[in-house]
Amino acid sequence: MILVLANEVNPKANYFVHELASYFPDAVVHDYARDGGPRTVAALDDIESVDDVSTVDGVVLSGSTAGVYESDAYPWMDDQRTLVRDLLNENVPTLGVCFGHQLVNDALGGTVEHRGLKATLVSLDLADDPLFSGVDETVPMVHGDVVVDAGTGMEPIASADYYPLVATRHENAPLWTTQFHPEFTSALHGRVRRDFGWTDSERTFDEVTAARVFENFRRLAGDSV
């Protein structure tokens, strides 16, 4: 079972979290931003519908329109930072997406800064990592914040011309993060355009296979248990 921690603070933007969860048929979605959540792996069994932590094959931290520097407004972020460190220590397979990418690196001592909204398809330089098996270089990016310093133990596995740390992986643990949104496909293009001021480019969604990240993570999580 994959546990998806939903971090979106704006209910009108929750559609992309639901889209993300749809790639994991056995997913349990917990609204971390609304209900708060566990601080440790041992506390995962307190989440409704998760009866035993041993049933959790992996954890996905979703995106959010909030920033990791808004902990005063959203105290649950500090709890999730603690959880990230516990997931790392317990070797629980974990994937952070967009805000999740930023929070993981922040939780491990990295730095996140606001640089202004970017919403478009971009070309990445992808490392030879199993998370990117079958993933082409064109990916959808929708973000205003960037990781400028990776967290301790986190190594870059993807970069763009404007962003050296588009994706990271822990050097020892099954922990991956991506700034891009694998769940943003052509089916969501119109809605993302309306909500985030999408900018068209010479690239098209016909080139996008980023959703394979989820399939790869599900396989990697299964291999780790």
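The shown structure was predicted, so the numbers you read here are calculated from the model rather than taken from an experiment.

### Examining the sheet that holds strand β2 (residues 28-31)
Right, on to step 1. With mixed pairing, the 8 strands of this open sheet are ordered in space as β2-β1-β3-β4-β10-β9-β8-β6. Pairing within the sheet leaves two strands with one partner each, and these edge strands are β2 and β6 (125-126).
Right, on to step 2. By the bridge criterion, 4 bridges tie strand β1 (residues 2-6) to strand β3 (residues 58-61) in an arrangement that is parallel. Across the sheet, leucine 3 pairs through a bridge with valine 59, a residue of β3.

### Here's the deal with helix α3 (residues 76-89)
Right, on to step 1. With 14 residues, α3 ought to run about 20 Å at 1.5 Å a step, and its terminal C-alpha atoms sit 20 Å apart, in line with that.
Right, on to step 2. Counting buried positions along α3 gives 10 out of 14 residues, so the element sits mostly inside the fold.
Right, on to step 3. Two residues or fewer past α3, asparagine 91 is found with a positive phi of approximately 60°.

### Things to note about the pattern of salt bridges
Pairs can form between side chains of opposite charge whenever their charged atoms are close.
Right, on to step 1. Per the counting criterion, the structure on display carries 10 salt bridges.
Right, on to step 2. Arginine 81 serves as the salt-bridge partner of aspartate 78, at 2.9 Å between the closest nitrogen and oxygen. Of this pair, aspartate 78 and arginine 81 are both found in helix α3, 3 residues apart, which corresponds to roughly one turn of the helix.
Right, on to step 3. We classify aspartate 78 as partly exposed; its relative accessible area is 39%.
Right, on to step 4. Residue class for arginine 81 comes out buried when judged on its relative accessible area of 10%.
Right, on to step 5. Between arginine 203 and glutamate 202 there is a salt bridge, with the nearest N and O atoms lying 3.5 Å from each other.
Right, on to step 6. According to the relative accessible area criterion, arginine 203 is partly exposed, its value standing at 25%.
Right, on to step 7. Taken together, the salt bridges that share partners define one network made up of Asp31, Arg34 and Asp35.

### Digging into the environment of histidine 101
Right, on to step 1. Its place among the elements puts histidine 101 in helix α4 (residues 99-107).
Right, on to step 2. As a C-alpha pair, histidine 101 and valine 146 span 45 residues in sequence and 9.2 Å in three-dimensional space.
Right, on to step 3. Here histidine 101 is in contact with Gly96, Val147, Tyr163, Leu165, Val166, Ala167, Thr168, Thr177, Thr178 and Gln179, once residues within four sequence places are set aside.

### A closer look at the side chain of aspartate 129
Right, on to step 1. Assignment of secondary structure puts aspartate 129 in the loop between β6 and β7 (138-149).
Right, on to step 2. Under the relative-accessibility criterion, aspartate 129 is labelled buried at 8%.
Right, on to step 3. One polar contact links the side chain of aspartate 129 to the main-chain amide nitrogen of leucine 131, over a distance of 2.9 Å.
Right, on to step 4. A polar contact of 3.1 Å, which involves the side chain of aspartate 129, links it to the side chain of tryptophan 176.

### Some words on the layout of surface pockets
If a probe the size of a water molecule is rolled over the atoms, the empty space left behind becomes visible.
Right, on to step 1. In this structure, the largest pocket spans a volume of roughly 260 Å³.
Right, on to step 2. Taken together, 19 residues make up the lining of the largest pocket; nearest its centre are Ser64, Thr65, Val142, His143 and Gly144.
Right, on to step 3. For the lining of the largest pocket, the secondary-structure elements that each account for two or more residues are β5 (111-123) and β7.
Right, on to step 4. Here the element with the most residues in the lining of the largest pocket is β7; it accounts for 4 residues.
Right, on to step 5. Classifying every residue of the lining of the largest pocket by side-chain character gives 8 nonpolar, 9 polar and 2 charged.

Thresholds, definitions, all that
- Residues numbered from 1 in each chain as written.
- Predicted model: local features only at pLDDT ≥ 70, side-chain atom pairs only at ≥ 80, totals over all residues.
- Heavy atoms only, no water.
- Pairing = 2+ DSSP bridges.
- Helix = DSSP H or I, 4+ residues; strand = E, 2+ residues; numbered from the N terminus.
- Expected span 1.5 Å × (residues − 1).
- Buried < 20%, exposed > 50% of the residue type's maximum accessible area, 1.4 Å probe, protein only.
- Salt bridge = Lys/Arg side-chain N within 4 Å of Asp/Glu carboxyl O.
- Contact = heavy atoms within 4.5 Å.
- Polar contact = N/O pair within 3.5 Å; in protein donor to acceptor, adjacent residues only side chain to side chain.
- 1 Å grid on protein atoms, 1.4 Å probe; cavity = no way out; pocket = protein on both sides within 12 Å on 5 of 7 lines; lining within 4 Å.
- Points joined across faces, edges and corners; volume = space filled by probe spheres on them.
- Nonpolar A, V, L, I, M, F, W, Y, C, P; charged D, E, K, R; others polar.

Remember, this is a structural readout, not a statement about activity or role.
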